[in-house]
Each structure stands twice: as C-alpha cells, then as structure tokens.
Amino acid sequence: MGQTIILVAIILTVVMNAQSTFVVGDAAERKVYVVYLGEKEHDDPASVTEYHHQMLWSLLGSKESVHDSIVYSYRHGFSGFAFRTELPEVVHVIPNTLYELTTTRTWDCLGLSPGTSKSLLHKANMGRKIIVGVIDTGVWPESEMYNDKGYGPIPSRWKGSCESGELFNGLIHCNKKLIGAKYFVDGLVAEIGDFDRTENPEYASPRDFNGHGTHVSSTIGGSFLPDVSYLGLGRGTVKGGEPGVHLAIYKACWLQLGSCSGADVLKAIDEAIHDGVDILSLSLRSKVPLYSETDVRELTSAVAKGIPVVAAAGNDGPSAQTISNVAPWILTVAATTLDRSFPTAITLGNNITILGQAIFAGPELGFSDLAYPQSGETSVTPAVDDIIAVRNAGGLGVIIARNPTHLLLPSRNFPSVAVDFELGTDILFYLRSTRYHSSHSPKTFMNYHNIFGFFSLARSPIVKIGDSRTLVARPVATKVATFSSRRPNSISPAILMPDIAAPGVNILAATSLNDSFSVNGFSMKSGTSMATPVVSGIVVLLKSLHPHWSPSAIKSAIVTTAWKTDPSGEPIFADGSSRKLADPFDYGGGLVNPEKAARPGLVYDMATHDYVLYLCAADYSDMSISRVLGKATVCPTTKPSVLDLNLPSITIPNLRDEVTLTRTLTNVGPFNSVYKVVINPPTGVNESTKLSFTVRATTTHRVNTGCYFGSLTWSDNIHNVAIPLSVRTQILPRYYDEN
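Rules and cut-offs
Here the residue numbers are simple positions, counted from 1 along each chain's written sequence. Two thresholds apply to this predicted model, a pLDDT of at least 70 for residue-level local features and 80 or more for giving and counting side-chain atom pairs, whereas whole-chain, interface and lining totals are computed over all residues. Side-chain measures were taken over the full set of non-hydrogen atoms in the model, leaving aside hydrogen atoms and water. UniProt positions are given in the numbering used here, feature names are shortened, and annotations may be inferred rather than shown by experiment. The aromatic pairing rule takes the rings of Phe, Tyr and Trp, using the six-membered ring of Trp, and pairs them if the centres are within 6.5 Å, calling planes under 30 degrees apart stacked, those over 60 edge-to-face and the rest tilted. Helix and strand definitions here come from DSSP, where helices need a minimum of 4 consecutive H or I residues and strands a minimum of 2 consecutive E residues; each element is numbered from the N-terminal end. Remark: exposure states derive from per-residue accessible area (1.4 Å probe, protein chains only) relative to the maximum for the residue type, with buried under 20%, exposed over 50%, and partly exposed in between. For two strands to be treated as a pair, DSSP must find at least two bridges joining them. Only buried Ala, Val, Leu, Ile, Met, Phe, Trp, Tyr and Cys residues count toward a nonpolar core, and they belong to the same one when joined by side-chain atoms within 4.5 Å. Any two residues whose heavy atoms approach within 4.5 Å at even a single point are treated as in contact.

Quoted verbatim from the Sequence similarities (unreviewed entry) field of the UniProt record, the comment on the protein chain reads "Belongs to the peptidase S8 family."

Printed below as a string of structure tokens:
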C-alpha cells in the first residue's frame, strides 16, 4: 500500500477534545436517591448525621439496614442524605443525577496580562487569600503549575485537608497553593457497582487520571511558567488566571467511568463549604430535562452562604434549549474561540495551496498520495475514531472537512488538518478531476467503518502538508463555539441563560501524563469546561477587590460590563449549522471583560428574600421553602412574578398585550453619580422606564413571533451598565382552559 493522506468528510458538527462522555445507567435502573431536608437543625455535624440515621432506622427497622443503605450524610451546607433504597415519606426525594464533564493566550486576549503595577492582577494581589473549590476529576500535583513559590501562609480560616490514596500522598503533594484534595466515589459505586479498573483505569485518590480536572484548576490558578513550547508552535509563558490563589480539589467525577454522580457532587459541595472555600467552580452539567429541585440544593448549600458558584453551560449546542445549570443564582458560562489560529498549508498536486487549521509541529510532509474513502452510509463515526483508523491503516495524516474548523486535535507527527466544507469540496473536485489510469484496476487500500478508499499506482492525486503556524489577534475573529449550549432555559424561560461567555476553544493548560494529547504535561482542550475556569478566575479578582460583594453583585458586574464585540471591536459571530451574529441566547451578556467588571458603577444585587420570591413564583410550597431556609416562610397572597427577579437581564417569553416589571440598581461607584437610561428595544416592542426603574413593555406584533433582542443601558458617561433584553410575542397562548 502506498503512503496516503486521507480526506474525511465529517458530517458531525463538533468533536470535543477529551470530552466524549456517556451516561451510565438510566432512570429506570437508578437505585440511589438524595433526601433533601433543608437547612440543618444542628450545628454539630455528628448530631446531624445521627438524626439522619435515626430517620432511616425508624423506616428500615434496624441499624444494619441503615448502615447498608446510607451512602452519604450531608451535614454542613444543608441537611440531607443519599441512600440506596426507596423511602416513602419525605419532603423531597430526588433521583440521583449523573453529571457529565463539559471540556496561553486566554488571559492576554481578555486584557489580563500582569503588565505593570496598575494592572488588574496586581490590584487584586494576584488573587492571594482567595480559596477556590474545584469539583472535577482531580489533580496531577506534580505539574509545575501548582508550585507554591512566593506563597505566604495558608489562610487560618481553612479547615480542609489533603486525603492520601492511590499514588497520592497528602503530606507530600499538597502545598501552600494546592491546600486541599479529597475524592468521592461512593455515590457512583452505589449506582453502577464496583468497577473494574483494569478495563476502566482510575486512581482511588484525588489524583487525576485523564487530565480534565488538572486542566480546569490550572486554568483558574496555575503559576506562570515562562519559556514553554507546545508541539514546537513557538515558545511563551503558560499562565493560570490568578497565580496567587489557593486551590482545593474535590474529585467527584470519574471520566474513565463515564460520569459524575449527583450524590458525590453534593457531598463535594457540602465538604467544600465546611472547609471554607470562597468560590466554587463546576465544569460539569446534567442532562436535559433537568430536575428543578437541584436548584434549591445549590441555593442552600453555597450561594445563600455568600459563595459564588460558576458552572458550565454544557456542550450540546448549537441546538436551542440545551442549556444546563440554569438556576438564577449560578453564573453559567458559554464558550467562545480565542483570537488565535493555527494556519496550515495544504498544497495539492495542481499547485493550488489551501489554508486549513491544525496543531502540527511538522516536519513538513512532502507530496504523498491522497484518497477519499467513499461510503453509502450517512452516519460517520467521530473524527477521533476516523483518525485512529487511518493511522492504523498506514496513513500519514488526515484532512477533515467539517464545520466548525476550530476544534483541533494536536499531533507531533500525524497531521490532522481541518477545513470547512467549501474548501473540502475544492479538494474533492481536485481528487475527481485527477483521472486514474485505465489499465490499472483500483486497489482497495483501506476499510474502516464500511468506508472504502481506492488507490491506483498510476497518476494518483497527491498533497503536501506544511507545519502549522501560530497567528494571534487580527484577523482572527471571536465566535461562540458550535458546541456551546444555547437558551431558552427549559425550566424557567424568563431566566436568560447563559449569563456570560469566555474563551473555551483550544485552551492550553496543565494535564495528566495519561492524557493522550499531553505534551510535557500540557494539552489543549475545548469545551464549556474550559471556559468556566476562565470566569472563575475573574470572580477571584472581583472577590479580592470587593470582598463584601454578594454572588449576585459579582454576577451583575460581569454580565453588565461584557463586550458585545470582540476586544478588537469586531462583531462576535455564533457558529452553528449556519453562522450568524451572536445574540444573548448564545452568549448572555457578551464576552467577559475583566477590567470593566472590576468597576461596574451599578449592580443588580439580590438577597435571600429575592430568591424566596422566585421560589414562590416557581410554585414551590411554603413547606418546601421553609425547609430550604430553616425557618417558617409563607409566600405572598399575590403570587410574585418571575419577571421581577432582580437579574442583570430581562427576558419576556410570552408578551401578549402589556407587561410591567421592576429592577433595582445599587451604586457601587462614586457617590453623586448621575445616570441616564438608553433603551434599544427589541424589534416591534416598545419599552419605557420610570425613575423607580419600572419597565413597561408592549408589542406591535399581531402574530406569534420568535425572540427579538435589544438592550437597556444606564450610563454616566464613564460606566455603561448594560443588560440584554429578549422578548417573544405570544398572541395565541400555548396553554388554555377549555372550560
């Protein structure tokens, strides 16, 4: 067989690097349930656990049954427990949720280089004294990005610890940067049984096997490492976001086993609150349809205690209503591309050169045979499988035609070059126009997944692949990634999600040495998992600068100051089946702007009372809300409106005649500032405001419409506090009473 480059036409819209996950089991097979009991009634954790045991004992009849059934006792952030059998008489019994993981130039792109003493990083003291809890797949502690050079003492409020386990020694592997490491697997084991680590290799410890968690945590707070080269594509400094931050790792996700158990994740959150984290970062999501009850647990366990929770939007885009982590008290993050590309020259035998995208260090691959495996099938396996098949068949590389082209698979010596369908068609035309010699019968040189290629020794098409270059800033545009999940919110359509967007494509950070894409302990990964720690790092800065701001104030500052264009002023597009200008359903408030977020001027703040009104509007019972708060609570006689929740956005999903809603602004800027309002109403919608900041919306549409977008901005000529508006006219109601 000759040496051949393969052109593979990929029908799939996205391949997520190192993030192909699957859900273990289904609802009918679940045996683990979470019993939510609301605010804990005792401050002593042992008393809370004893109460849980007594409750189960009274129903199961023996201590032995309790011991066999209970998986976790949640006793810090809230009161509850996870168990293996059915329990008939409790306020909330929630089926265990199986979560999925969602998986440098980043900080320079966002204007967050260390620079001078006036830079935001220096003003925030590099995030020192802030503790971030990362719930993910663990940590590879030997990475130099976790070195604690220059660190002072661990904050005295820290109550956590480093657990030892398989190939992880808490006394050795933790330091003043990596101050906590724990692991949780009992919930997953209760779901799927004991797992065979020969078939699914994992570490029974906080050590990260596949690298996802290491990539996430080093993005948040990895040390600056100068003179790092990745596959020969130039040298530079690899940077975490806030190099002075303290990291606490909670391994509750086991990618080798396919998912994260909700029971394990809740236990990790419970422990993180007890340990004293200031921020929680979760690069994971649950499948749609969602359980609304999970929102209540997150509110009680973290946000109500002043701990911001930053979570991934999910990787199920570009379809609508795929957004995950939709609770209004969570900061939900979409993913964009960076202002960086890796142009790679493809020279065909007719001397035409096409620029594709690849992470290929070279050396240049000289002219080689080119073939296209054709098949009558309409389904195509993921690109990774095709690449492996081509390589195993003796091929020298692949050219992948797909949309988008920015998701790349790094390689030292096997080029995987992405082109869009238009360029892929040009290559295909060249292939078909290069005639095969009629005296030679075609020779089958490849057969994988029923895709056949043919090769002739006489006058076959040829191609040359150059090594990749690195291009930053213009003319590379910022785009919302195809995989990034989109709104509308499937639980509460009046809550805009995602909140914000951040770079999440081809992000370079530390990884496990088991990672197949690891190069000297670093790899490039893509996903909303990678965008989430970028925003978590920015929350660290805001916490450092404004320690008394609430989670909702921090969220407002980030959303209202976001870029609506990329940092160079160019429009932000959204990749999908067809490219379009991005709108709030794609990126929420826009692309995160750290410098502006530190000085927002005004914020849309909220307290527990506001969230209670939201729960009342969402039809939670008085008893359920009382359980959440740990005190008797009665909803108002007049049902509150979800539209009045003081969010930094306004979404009206069913405008028919007229809607009036309210917002409240809090000044966090200079005293005596004077703001004026500027409204850019959605098409066909009239909006006005009063001094009390009541918004009145009416429509001129006379038919049901899709969503239209606009903005509402308060400005004092220094600060522009902008919130997105989205309105859908619903003349014919979706629900009606036939009586």
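Glancing now at the packing of aromatic side chains. Two aromatic rings, taken as a pair, are described by how far apart their centres are and by the angle between their planes. Following the criterion strictly, the structure yields 6 aromatic pairs and no others. Between F184 and Y250 the ring centres are 6.5 Å apart and the planes differ by 20°, which places this aromatic pair in the stacked class. With F184 in the loop between β8 (178-183) and α6 (186-192) and Y250 in strand β11 (residues 246-251), this pair connects stretches of sequence that are 66 residues apart. Of the residues examined, Y250 reaches a relative accessible area of 1% and is grouped as buried. Ring centres of W329 and Y611 lie 5.2 Å apart, and the angle between their planes is 85°; this geometry places the pair in the edge-to-face category. Note that W329 is positioned in the loop between β16 (309-312) and β17 (331-336) and Y611 in helix α16 (residues 608-617), a separation of 282 residues in sequence. Overall, the relative accessible area of 5% leaves Y611 in the buried class.

A separate point is the pairing of strand β19 (residues 343-348). Buried residues dominate β19, accounting for 5 of its 6 residues. Where β19 lies against strand β20 (residues 353-357), 5 bridges are found, and the strand directions are antiparallel. Residue pairing for β20: A345 is matched across the bridge by L355. The antiparallel hairpin formed by β19 and β20 contains 4 residues in its connecting segment, where N351 sits at a positive phi of about 70°. Relative to strand β26 (residues 462-465), β19 runs antiparallel, the two sharing 3 bridges. Paired with I346 across the strands is I465, a residue of β26.

Note on soluble globular proteins: their nonpolar side chains tend to be buried together. Counting residues in hydrophobic clusters, the biggest one holds 75 residues, and the most contacted among them are I135, Y250, V277, L280, L282 and I652. Top element by residues in this core is helix α8 (residues 262-275). It accounts for 7 residues. Discounting chain neighbours no more than four positions away, the residues touching Y250 are G133, V134, I135, D136, W158, K182, F184, A268, E271, A272, D275 and V277. Grouped together as the second largest cluster of nonpolar side chains are 60 residues, A334, V535, V540 and A553 included.

As a further point, take unusual backbone geometry. Cis rather than trans, the peptide bond between G317 and P318 has omega equal to 5°. Within the secondary structure, P318 sits in the loop between β16 and β17. In this chain, M497 is followed by P498 through a cis amide linkage whose omega measures 0°. Summarising the element assignment, P498 is placed in the loop between β28 (479-480) and β29 (500-503). With phi around 70°, N351 is a residue other than glycine that occupies positive phi space.

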